[in-house]
Amino acid sequence: MSVIHAVGEQWDKAEWSHQLVSFWQQDTYVNSLFAGATNATTTANLVAALIDETKRQACIDSEFDNADVFSALFDCFLLLFVKEINSNDLSQAEALIVQMTEHYAKQCLKHADEHEKTNQSVDARQAVICNQSHKVISAMNQLAQLRQQRRSQSRNMGS
């Protein structure tokens, strides 16, 4: 039975990945990121492998809205942020996930600002998404500084 369960779980991840790719194709910025060597399917499969079942199910239940996709990417982002800080070595698919997470964080904050301008109340879920979005943007600023510092330290010739 465990083999059947494992195969079923892999099938579910593959199906979810396919739906995620379809969602990404609707966003011109995200779609433009896949012009390089790593395609959307590879990246989506990595996201599916990194997140748990509850995040995948939330995306399915919401029919893949920006907030739930961001929430799934946020979990990946945390893992990949720590990996980059510790090893300075992300694969292209991992780097794309980090970049897309920042993009969706900005989208979620933009959506929250629109709600604020129309005097609509922010529910608890939106507050959590906004908090996570601010954390991603702050972490990306720190990561940019760290990358700049590492580049300047690795130069062969002086600055």
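What you are looking at is a predicted structure, and each value in this text was computed from that prediction instead of being measured. (Residues numbered from 1 in each chain as written. Predicted model: local features only at pLDDT ≥ 70, side-chain atom pairs only at ≥ 80, totals over all residues. Heavy atoms only, no water.)

Not every positive phi belongs to a glycine, and Glu63 is a case in point at roughly 55°. Tracing the sequence through the fold places Glu63 in the loop between α4 (53–61) and α5 (66–87). Classification of Glu63 as exposed rests on a relative accessible area of 70%. Phi is positive for Phe64, which is not a glycine, with a value near 60°. By the element assignment, Phe64 lies in the loop between α4 and α5. In this structure Phe64 comes out as buried when scored by relative accessible area, which is 9%. (Helix = DSSP H or I, 4+ residues; strand = E, 2+ residues; numbered from the N terminus. Buried < 20%, exposed > 50% of the residue type's maximum accessible area, 1.4 Å probe, protein only.)

Where charged atoms from two side chains of opposite charge approach closely, those side chains can pair. The final tally for this structure, using the stated rule, is seven salt bridges. A salt bridge links Arg147 to Glu84, with the shortest nitrogen-to-oxygen separation between them at 2.7 Å. One end of the pair, Arg147, is in helix α7 (residues 124–154); the other, Glu84, is in helix α5, with 63 residues separating them in the sequence. We classify Arg147 as partly exposed; its relative accessible area is 30%. Of the charged contacts in the structure, one is a salt bridge between Lys106 and Glu102, with a shortest N-O distance of 3.7 Å. In this pair, Lys106 and Glu102 both sit in helix α6 (residues 92–117), four residues apart, roughly one turn of the helix. Judged by its relative accessible area of 46%, Lys106 falls in the partly exposed class. (Salt bridge = Lys/Arg side-chain N within 4 Å of Asp/Glu carboxyl O.)

Geometric values such as these leave the question of function open.
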